[in-house]
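Per-entry structural report
Okay, here's what each chain looks like letter by letter:
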Amino acid sequence: MASGPGSSPMAQSSMAGSGADGFFRKPKDLAGSSRYYRPPHSLPDVCPKEPTGDARGLCEGPSVVLDQHQWTVYNSKVNLPAALNDPRLSKRESDFFTKTWGLDFTETEVMPSFYLPNITAEHFSAYLQDTAQREKIHERCKNICPSKDNLSLSSITNNHDKAKEELEQVPKIFMRPDFVLNDPATFNAVLPWSHFSVAGGKNSRDGASSRLLQEKLSHYLDIVEVSIARQISLRSEAFFHAMSSQHELQDRLRETEVAVATLRARTAAMQRVMCRGPLQALRDAVTRSNCAKLHGKLKLMAAVQQTQPTVQLLLSTSEFVGALELIATTKEVLQQELQGIHSFRHLGSQLCEMEKLIDKMMVADFTTYSRSDLNRSFEDDSQVLEKDRLQSLVFGLLRQRKLDFLDIYSEEMMQAAKGIVRQCVLRSVSQIEEIDTDAVVKLQDQMRLMTFAQWFELLQNVFEHFVLFLTRIKATLSVIRNVVLEVLDSCQRNRLVDASSAAAHGNCGENEDEDEEDSGSLGLRPGEAELAYLTHEGLFISDALNEAERRSSSATQAKAQTRAETSGSDSASGTTESSSSREQTSNTTSSLPTGGAISIEDLMPSDLELGRVANNIQELLYTASDISHDRCVKVLLAKAKDGSLERLSSAEFVCVSRAVEGFVKDTEALCSRRSVSLRGALQSQANRFVHRFHEERKTKLSLLLDTERWKQAEVPAEFQHLVDSIADGHITLPERKPAGTEDKKPRDFLLVDGQKYAVVGTVLLLIRIFLEYCQCVNDIPSITTDMLTRLSDLLKHFNSRSCQLVLGAGALQVVGLKTITTKNLALVSRCLQLVVHYIPIIRAHFETKLQPKQYSVLRHFDHITKDYNDHIAEISAKLVAIMDGLFEKVLSKYEVKAPMPSLCFRNVCKQMAKMHEAIYELLPEEQTQMLFLRINASFKMHLKRQLSRLGVINDGGPQHGLVVVDVAFYTENVQALRSLERLDLNMPEIWEQKRRLPALRQLPAPERVCLPGLKKMGWPLELKMFGGGVKPHLIYLQKGTAEVSLWGTRSG
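This is a predicted model, so every value here is computed, not measured.

Cut-offs applied
Residues numbered from 1 in each chain as written. Predicted model: local features only at pLDDT ≥ 70, side-chain atom pairs only at ≥ 80, totals over all residues. Heavy atoms only, no water. Helix = DSSP H or I, 4+ residues; strand = E, 2+ residues; numbered from the N terminus. Buried < 20%, exposed > 50% of the residue type's maximum accessible area, 1.4 Å probe, protein only. Areas by Shrake-Rupley, 256 points an atom, 1.4 Å probe, with all protein chains shown as cover. pLDDT = per-residue confidence, 0-100. Contact = heavy atoms within 4.5 Å. Salt bridge = Lys/Arg side-chain N within 4 Å of Asp/Glu carboxyl O. Phe/Tyr/Trp six-rings, centres within 6.5 Å; stacked < 30°, edge-to-face > 60°. Core = buried A, V, L, I, M, F, W, Y, C linked by side-chain atoms within 4.5 Å. Patch = residues over 30% accessible without salt bridge, like charges linked within 9 Å, V, L, I, M, F, W, Y side chains within 5 Å. Axes fitted to C-alpha atoms, helices over the stretch in contact; angles between N-to-C directions. Parallel < 35°, antiparallel > 145°, perpendicular 65-115°, else oblique. Left-handed = near helix turned anticlockwise from the far one by under 90°. Nonpolar A, V, L, I, M, F, W, Y, C, P; charged D, E, K, R; others polar. Expected span 1.5 Å × (residues − 1).

What about the overall build of the protein chain?
From N to C terminus, the protein chain includes 33 helices and six strands. Within the span of the protein chain, comprising 1052 residues, buried residues form 34% of the whole. When the accessible surface of the protein chain is summed, it comes to about 64000 Å², and 54% of that surface belongs to carbon and sulfur atoms.

A word on the confidence of the model for the protein chain
Here the protein chain shows a mean pLDDT of 74. Residues at 70 or above account for 70%. Taking the mean pLDDT of every element in the protein chain, the minimum, 35, falls on strand β6 (residues 1042–1048) and the maximum, 93, on helix α29 (residues 859–891). Here residues 519–545 is modelled with pLDDT under 50, and outside its nearest four sequence neighbours on either side it reaches 18 contacts, counting other chains as well. For residues 995–1052, every residue scores under 50 in pLDDT, and the model assigns this stretch 99 contacts once sequence neighbours within four places are set aside.

Topic: the pattern of salt bridges
Scanning the model with the defined rule gives 21 salt bridges in all. A salt bridge links E668 to R679; its shortest N-O distance comes to 2.8 Å. With E668 in helix α22 (residues 650–671) and R679 in helix α23 (residues 677–707), this pair connects stretches of sequence that are 11 residues apart. With a relative accessible area of 22%, E668 lands in the partly exposed category. For K940, the salt bridge is made with E989, and the minimal N-O distance between the two is 3.2 Å. Remark: E989 occurs in the loop between α32 (958–975) and β3 (1007–1010) and K940 occurs in helix α31 (residues 925–950); sequence separation between them is 49 residues. Of the residues examined, K940 reaches a relative accessible area of 10% and is grouped as buried.

Observations regarding the packing of aromatic side chains
Within the structure shown, the criterion is met by 17 aromatic pairs. Measuring from ring centre to ring centre gives 5.6 Å for F452 and F456, while their planes differ by 20°; the resulting arrangement is stacked. With F452 and F456 both in helix α16 (residues 452–522) and four residues apart, the pair spans about one turn of that helix. Taken as a pair, F452 and F456 share a single burial class, namely buried. Centre to centre, the rings of F653 and F689 are 4.2 Å apart; their planes meet at 5°, and the pair counts as stacked.

Describing the nonpolar core
Most often, soluble globular proteins have nonpolar side chains that are buried together. Counting 194 residues, the largest nonpolar core has W455, F469, F846, L943 and Y970 as its most contacted members. If you tally residues by element for this core, the top one is α16, at 19 residues. The contacts of F469, once residues within four sequence positions are left out, are L374, F378, M413, A416, A417, I420 and S628.

Quick look at a nonpolar patch on the surface
On the surface, a nonpolar cluster with roughly 460 Å² of combined accessible area is contributed by I119, F124, Y127 and L128. Examined against the element boundaries, L128 turns out to sit in helix α5 (residues 125–144).

Examining the packing of α22 against α23
Direction vectors running N to C along α22 and α23 enclose 160°, while the axes themselves pass 11 Å from each other. Comparing the axis directions of α22 and α23 gives the class roughly antiparallel. Handedness of the α22/α23 crossing: left-handed. Across the interface between the two elements, S650, F653, S657, V660, E661, F663, V664 and E668 of α22 pack against L678, R679, L682, Q685, A686, F689, F693 and R697 of α23. The residue makeup of the contact of α22 with α23, split by class, is nine nonpolar, three polar and four charged.

Some remarks on α22
Between the first and last C-alpha of α22 there are 31 Å, a value that for 22 residues agrees with the 32 Å anticipated at 1.5 Å per step. Burial in α22 covers these residues: F653, V654, V656, S657, A659, V660, E661, F663, V664, T667, L670 and C671. Looking one or two places after α22, you find S672, whose phi comes out positive at around 55°.

Re the side chain of S428
By the element assignment, S428 lies in helix α14 (residues 405–430). Exposure remark for S428: the relative accessible area of 14% places this residue in the buried category. Excluding residues that lie within four positions of it along the chain, S428 makes contacts with M450 and L458.

Right, here's the structure in full:
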């Protein structure tokens, strides 16, 4: 194929060389060549009307005509005029722009583009100078050859018709594309045998026929030749032009041939002088490198051959981690470096079997270690047994992904807990001679035969052993947890190192690419082109490739060394090797390649699995705490099965409670877990203890009340000290002092906050009893609500029983009292007041032991306080009722006559003095004054009624004077009593005239009634009737601030 004048001789010579000799043939790299070479294009032919042929034979070097083949806007198939002059439309669209962009789009003058230069005739001057010579040649050819344009249309048409008619004379068979004379049918059609003699003879007719056929064919030939000549004449200009171009092409081919021969000579000289020696050196270097690699492979095979003996040596010293690392390294070497070695075809399976054997050995060794660690004597002070061995085992199990080793430890832990209880019981029973172990076999039965002191000592011993047990477990699990966290941290560090090295390698790669681009853009220096051609992706290894290979290998070795150091530090933290095994391992592993070892993060579990193992370690510590509590619950329930714990005294049960609480707090501090099983068992026993405790004290109080004679008792110094400690804020039972330390005599009264309380012996014991309740709450906070309910029941029992015995006169039959005196009533009232004084103190103490959500149970104290106050009020009403009955009886016989003072008033004053004498030392001064005010009101009411019956009025008469004398005598005697000197008796009220109150029917007490008649008299609408099972009824009326007491009988 012809090549244009722009073809490069260098490119042509290179193509010729590549076709002639295969020594310098290079494989094509489409990706690499695209950077420096553009795709080939055919050169323009001298005759534009003729095709240029296949372009694959041309040089694929740079082409000077490449730019004219780039796509421009002139290559577009549709343009704006074509869109506006669409022949498919019936008429041209006038709104082509406005329908899309709106009515505002109008034709405006297009400004000239700033990016297009202003073209003038001077821009074509260079082109006209280049084509001037060609134009002259073209004009000369036009003068020589007649132009086809000069021919007239008629002559051309006539010649064409004439040629067509002549060609129609030629049979169509000659024009067929498959015309071949070898075909018999075609041959018979062209040369019919009928014109020739069959017998082979010749006559005149046959000769004439053959001559006629020959002339016909000659005529056909002349027609075709004339037509061809005519066609040649029409294309003569192009034909002669092609011939001239052919001569020029031949000249250039001869020049190219000379250039190629020169280039081949220079190339051969270059090969002989510059390449043959260096290539031989390269071949020798490659041979030496291959020999070194072979020697390395042989050394590696020798090292791999020593793997099995080394693994057995490591296993003999329990170095599982070292053996696993050696096996993993060897397997990696077999897969990468020694793959396909026939002598090692069974070594991989053997190493896998050895790895499985090591797994079983590690599990068995960990089980043995756990059993020996958990069951060793508690006299051993070391918390962790063989720490290095434990770390090695854990590291090896993690490496093999045996993450269920904690389950093995949990099972051994449960068995060890059972063994601790068994050993403690056997040791305690062996020291007690009263228990016959041959007759009593079961441990539970043996514990029930122990006394409380012996059993409590056993319980404390069990608690101590379990605290040590949990301490050891925590220390062991801490070691395991540290190993897991170290492995997790090591894996994360390795990933960070890999990521940083990968990022650095990527930056280096980018820099190298930039350097290559810069070097490519700058071009090769003179003298380097031939060498670059030989070395760039050539058949042999070049120095540049060797340098790049050395750089990549050094980077790989540095990365592998970093990994090896990291894995070595991790393995060193979890394993301890003996000197002999270290030497043997170093001799074996030193021959193994560093880069062939598996990185530590590829063997270890994932971060998620390691985190789950760490959480399971903490859960295992919680499980250990729960197991310890469960075993202690067994000890507790074994003793409580026969009810012996319920029969303990409060001090003994408090000791048990304190021991349990101490053990629970110790385990919570160790394990950071609040176990509820032991507390629940203690709570169950506490409920039973509280029931028995309450029943005992309630029974004791009932017995004391039934034997109480309701006389003032002396107060021992012990009880006074007890009350004083309560006043100081110590709501507990004080420690008993040894006898003889204090010689204080008993007192007549109990001093509480500066007030004297005359009490009976039962109340003193009651104070001690509710202090025992408070002490139990202090010792066992979990029973606060239950104890509060029981204490409320006890206080209610005291109130109701004392009411039955005194107000209800039950003591007459129970104790055998002759009568219930006013002194008994006043003493009971004072005792009740003392209990009411301590109820808020007890409430405040219980409130400190309750949760805020439990404060609702404190309402029991409010109900108790109300009941006690009602009881005190009933006693006061009873005292007033006694005097009221006396006044009614005495004043009903009163007559206004001399001598004065009358006998009636002298009897009244005598009874008032007896009443004052009975209650003065029992009740405080304020209560005495209030009581006598109420008695005085009752006296004035009965006196006024008697005076009204007698018709004595305040008229200054003799009878009025006699009454005044009696009243003065009464006032003088009453005010002569102690603490009543300033009592305002207001005796003139007896002369006031008031409307009579309507009769009141007897009402059950207490009950509120509404009396319409009292409203007219100025009295309140509500009356409160008090009976409490007693026959007399007292009516309280409130008018303003003054209190008026009326004594009512059955009639009103």
